[in-house]
Amino acid sequence: MNAVPRLAQVDALRGIAALAVVLFHYTTRYDQLFGHAQPLRIAVPFGHLGVNLFFMISGFVIFMTLERTARPMDFVVSRFSRLYPAYWGALLLSFALTHLLGLPGMTVGWEVLLANVTMVQGFFGVPHVDNVYWTLEVELLFYCWALASFRLGGGVGLRNFLFACLALRLVYAAALLAWGVDLPWIGQRWLLLPYIAWFALGVAVYRLSRAGGSADRALVAAALLAIGLADGWALAALAAVFLVVLQGAARGRWTWLEHPLLLWLGTISYTLYLLHENIGWALLHRLEGWGVPTQLAIALAMAVSAGLAHGLTRLVELPAMRWIRDRYRARSPRPGAAPAQG
């Protein structure tokens, strides 16, 4: 029997989160935008909350990566090699296939494609080739804040930054609830206030899985309070469930997550997330236009998206990540200089 990689259960959770988002987009969201040809037998209206779990897992992984990197450039190379090669491949595939298949109102021109190469096009008001890319900007901005605060004060510095952002999130929520004042949106955007609690929970889970202390438990309480007051207590309850599940996965408690199908889904989770929306919608639009039953069209779109994601992972993401990190190791031979995995 092959040994299951360390933190494989966390990767499997990421795969489940990606699948939830896919199902939401292919059932509920497609129906809202285009209308399915036949009534849906099964819909996943809350599947978009898989993104919240993504952010929590990112907080976990980023703190782990920062702890294991010796220099800022180690972290930069680690994140660049993880995000950009697969993103560029998905960008080209999404652009080409949506133009080939056709998707009303969702195709863009070459100038938008070129701007999207940066991954930060949304900050400059440029449309996304695929709207799921908005989360990548959130991730990149969190990486920048996490690296800066960690370099200034280590784990304590990062936690203090998160506490400050959570306090500001509560100020924004209180101003809106008590006085009906919507404070400047720019502060929310640049400090990631709508999502910072989810990243904070991930950081706390990593610390607690390593025998963290009272500050980490306080971070959990602050994050859940911020979610409850700003977004509702039902979402805070879901966040608490996600926290328990992620902490169990970090400690290897959920052996059911080690099923080969879930491990594979975890392996392709990033590329599946990048590829699924516009390509899947274009396929659904074509297939249902040809008279293919809605449920079968959804199943076929999922199969094609998963197949493309598998190919992109094996042929682009993993080889490119290894190549970039190997080149960096060759130029940075000092101990600890190699980017952390993950």
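Please refer to the structure placed before this passage.
Calculation criteria
- Residues numbered from 1 in each chain as written.
- Predicted model: local features only at pLDDT ≥ 70, side-chain atom pairs only at ≥ 80, totals over all residues.
- Heavy atoms only, no water.
- Helix = DSSP H or I, 4+ residues; strand = E, 2+ residues; numbered from the N terminus.
- Buried < 20%, exposed > 50% of the residue type's maximum accessible area, 1.4 Å probe, protein only.
- Contact = heavy atoms within 4.5 Å.
- Areas by Shrake-Rupley, 256 points an atom, 1.4 Å probe, with all protein chains shown as cover.
- Lys, Arg positive; Asp, Glu negative; His and termini not counted.
- Charge placed at Lys NZ, Arg CZ, Asp CG, Glu CD.
- Salt bridge = Lys/Arg side-chain N within 4 Å of Asp/Glu carboxyl O.
- Axes fitted to C-alpha atoms, helices over the stretch in contact; angles between N-to-C directions.
- Parallel < 35°, antiparallel > 145°, perpendicular 65-115°, else oblique.
- Left-handed = near helix turned anticlockwise from the far one by under 90°.
- Nonpolar A, V, L, I, M, F, W, Y, C, P; charged D, E, K, R; others polar.
- Phe/Tyr/Trp six-rings, centres within 6.5 Å; stacked < 30°, edge-to-face > 60°.
- Lys NZ or Arg CZ within 6 Å of the ring centre and 35° of its normal.

Draft legend 1. Summary view of the overall build of the chain. Per the secondary structure count, the chain includes twelve helices and zero strands. Ordering the α and β elements of the chain from the N terminus gives α-α-α-α-α-α-α-α-α-α-α-α. Within the chain, the fraction of its 342 residues that count as buried is 50%. A separation threshold of at least 6 residues defines the contact pool for the chain, and within that pool the share at least 24 residues apart is 73%. Of the accessible surface of the chain, which amounts to about 15,400 Å², a share of 68% is contributed by carbon and sulfur atoms. Positive and negative side-chain charges of the chain, numbering 25 and 16 respectively, have mean locations separated by a distance of 10 Å.

Draft legend 2. A look at the environment of Leu 101. Tracing the backbone through its elements, the reader meets Leu 101 in helix H3 (residues 72-101). For Leu 101, a relative accessible area of 22% gives the class partly exposed. The spacing of Leu 101 and Trp 264 is 163 residues in sequence and 28 Å in space, taken between C-alpha atoms. Setting aside chain neighbours within four positions, we find Leu 101 in contact with Ala 282, Leu 283 and Arg 286.

Draft legend 3. Expanded view of the pattern of salt bridges. Evaluation of the coordinates by the stated rule reveals ten salt bridges. For Glu 137, the salt bridge identified is with Arg 189, shortest N-O distance 4.0 Å. Separated by 52 residues along the polypeptide, Glu 137 in helix H5 (residues 134-179) and Arg 189 in helix H6 (residues 185-190) bring together distant segments of the chain. On the accessibility criterion, Arg 189 (23% relative accessible area) is partly exposed. Where Arg 159 meets Asp 216, a salt bridge forms, and the shortest distance between an N and an O atom there is 3.5 Å. Of the two residues, Arg 159 is situated in helix H5 and Asp 216 in helix H8 (residues 214-231); the sequence distance between them amounts to 57 residues. Across this residue pair, the class does not change: Arg 159 and Asp 216 are buried. Put simply, Glu 67, Arg 159, Arg 207, Arg 210 and Asp 216 are held in one network by salt bridges that share partners.

Draft legend 4. Local environment of the packing of H5 against helix H7 (residues 196-209). Viewed as axis vectors pointing N to C, H5 and H7 meet at an angle of 55°, and their least axial separation amounts to 11 Å. In terms of orientation, H5 and H7 fall into the oblique class. In this structure, H5 meets H7 at a crossing whose hand is right-handed. Residue-level contacts link Val 138, Glu 139, Phe 142, Leu 158, Arg 159, Phe 161, Leu 162, Cys 165 and Leu 166 of H5 to Ile 196, Ala 197, Phe 199, Ala 200, Val 203 and Arg 207 of H7. Considering only residue class, the contact of H5 with H7 consists of twelve nonpolar, no polar and three charged.

Draft legend 5. A look at unusual backbone geometry. One non-glycine residue, Met 119, lies in positive phi territory at about 75°. Residue classification places Met 119 among the buried positions, given a relative accessible area of 0%. Even without a glycine there, the phi angle at Leu 192 is positive, about 60°. Along the chain, Leu 192 falls in the loop between H6 and H7.

Draft legend 6. Focus on the packing of aromatic side chains. Going through the model one piece at a time under the given rule, you end up with 21 aromatic pairs. For the ring pair Phe 123 and Trp 190, a centre distance of 4.9 Å and an interplane angle of 15° mean the geometry is stacked. Linking Phe 123 in the loop between helix H4 (110-116) and H5 with Trp 190 in helix H6, this pair joins segments that are 67 residues apart in sequence. Given a relative accessible area of 23%, Phe 123 falls into the partly exposed group. In this structure an aromatic cluster arises from ring pairing among Phe 55, Trp 134, Phe 142, Tyr 195 and Phe 199. Over the face of the ring belonging to Tyr 143 we find Arg 79, whose NZ or CZ atom lies 5.9 Å from the ring centre.

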